[in-house]
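Coordinate analysis (summary)
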Amino acid sequence: DSHNFLPKCLPGKISSVEYEGTPATVGCIRTVKFHPATHGVIHVKEKIEELNEEEFYLRFTVLEGGLGALFKHVQIAFRFKEGPHPGTTVIYAEVKYESIGEHKLPEEGREGLLEDIKAIEAYLQAHNDYT
């Protein structure tokens, strides 16, 4: 449901999410379009490589845009697990990449991911009826 969910959670950052193929299925292509003021990145095109709803796991490869301009290969995975306290969730994020030259994952990329997760968390807490 990211095509509805992400623009609501990150309204100042994401303008739309579109799918080629059946949405949120392995093999489909997801294009995330950003607002122009978002660090000059216009869009990111990703291919969903693995999706396990029972294990709350998602892995995708960046095909173009975003970090794809700095790296030969970028793969991102998220795993969501029940947290240590009732009603909490722990999010594990893993980024694998193959550099072009000496590039490393920029610190602002890590910080931006953490900010996005916090914004999504705040949205979900404010909209606890979201399904």
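Quantities reported herein were computed from a predicted structural model and do not represent experimental measurements.

The rules behind the values
Residues numbered from 1 in each chain as written. Predicted model: local features only at pLDDT ≥ 70, side-chain atom pairs only at ≥ 80, totals over all residues. Heavy atoms only, no water. Patch = residues over 30% accessible without salt bridge, like charges linked within 9 Å, V, L, I, M, F, W, Y side chains within 5 Å. Areas by Shrake-Rupley, 256 points an atom, 1.4 Å probe, with all protein chains shown as cover. Salt bridge = Lys/Arg side-chain N within 4 Å of Asp/Glu carboxyl O. Buried < 20%, exposed > 50% of the residue type's maximum accessible area, 1.4 Å probe, protein only. Helix = DSSP H or I, 4+ residues; strand = E, 2+ residues; numbered from the N terminus. Contact = heavy atoms within 4.5 Å. Pairing = 2+ DSSP bridges. Axes fitted to C-alpha atoms, helices over the stretch in contact; angles between N-to-C directions. Phe/Tyr/Trp six-rings, centres within 6.5 Å; stacked < 30°, edge-to-face > 60°. Lys NZ or Arg CZ within 6 Å of the ring centre and 35° of its normal.

Let us look at a nonpolar patch on the surface. The grouping of F56, F80 and I91 at the surface amounts to a nonpolar patch, some 270 Å² of accessible area in total. Assessed through its relative accessible area of 34%, F80 is described here as partly exposed.

You can see R30 is positioned in strand β2 (residues 29-34). With a relative accessible area of 11%, R30 lands in the buried category. Apart from the residues within four sequence positions on either side, R30 is in contact with S2, L6, V17, E18, Y19, V44, K45, E46 and F60.

One open sheet holds the six strands; their spatial order is β1-β2-β3-β4-β5-β6, and the pairing between them is antiparallel. Both outer strands of the open sheet, β1 (14-20) and β6 (89-99), are each paired with one neighbouring strand and no more. Each neighbouring strand pair of the sheet contributes to a mean axis angle of 25°, computed without reference to strand direction. Here helix α1 (residues 2-9) sits on the sheet in contact with β1 and β2, set at roughly 165° to β1.

This next bit is on unusual backbone geometry. What is expected of a backbone is that most residues other than glycine have negative phi and most peptide bonds are trans. In this structure, A24 takes a positive phi of about 55° despite not being glycine. Among the secondary structure elements, A24 is positioned in the loop between β1 and β2. Its relative accessible area of 29% is what places A24 among the partly exposed residues. Phi at F56 is positive, roughly 55°, even though this residue is not glycine. Mapped onto the secondary structure, F56 falls in the loop between β3 (43-52) and β4 (57-65).

In terms of residue burial, β2 counts as a mostly covered element, since five of its six residues are buried. With six bridges connecting them, β1 and β2 associate as antiparallel partners. Bridged to Y19 within β2 is R30. In this structure, β2 lies alongside β3, joined through five bridges in antiparallel fashion. Bridging across to β3, I29 finds its partner in K47.

Before going further, it helps to spend a moment on the packing of aromatic side chains. Counted according to the given criterion, the structure contains four aromatic pairs. Taken together, a centroid distance of 6.4 Å and an interplanar angle of 25° make the contact between F78 and F80 stacked. For F78, a relative accessible area of 13% gives the class buried. Here the guanidinium or amino end of R30 rests over the ring plane of F60, the centre of that ring lying 5.3 Å away.

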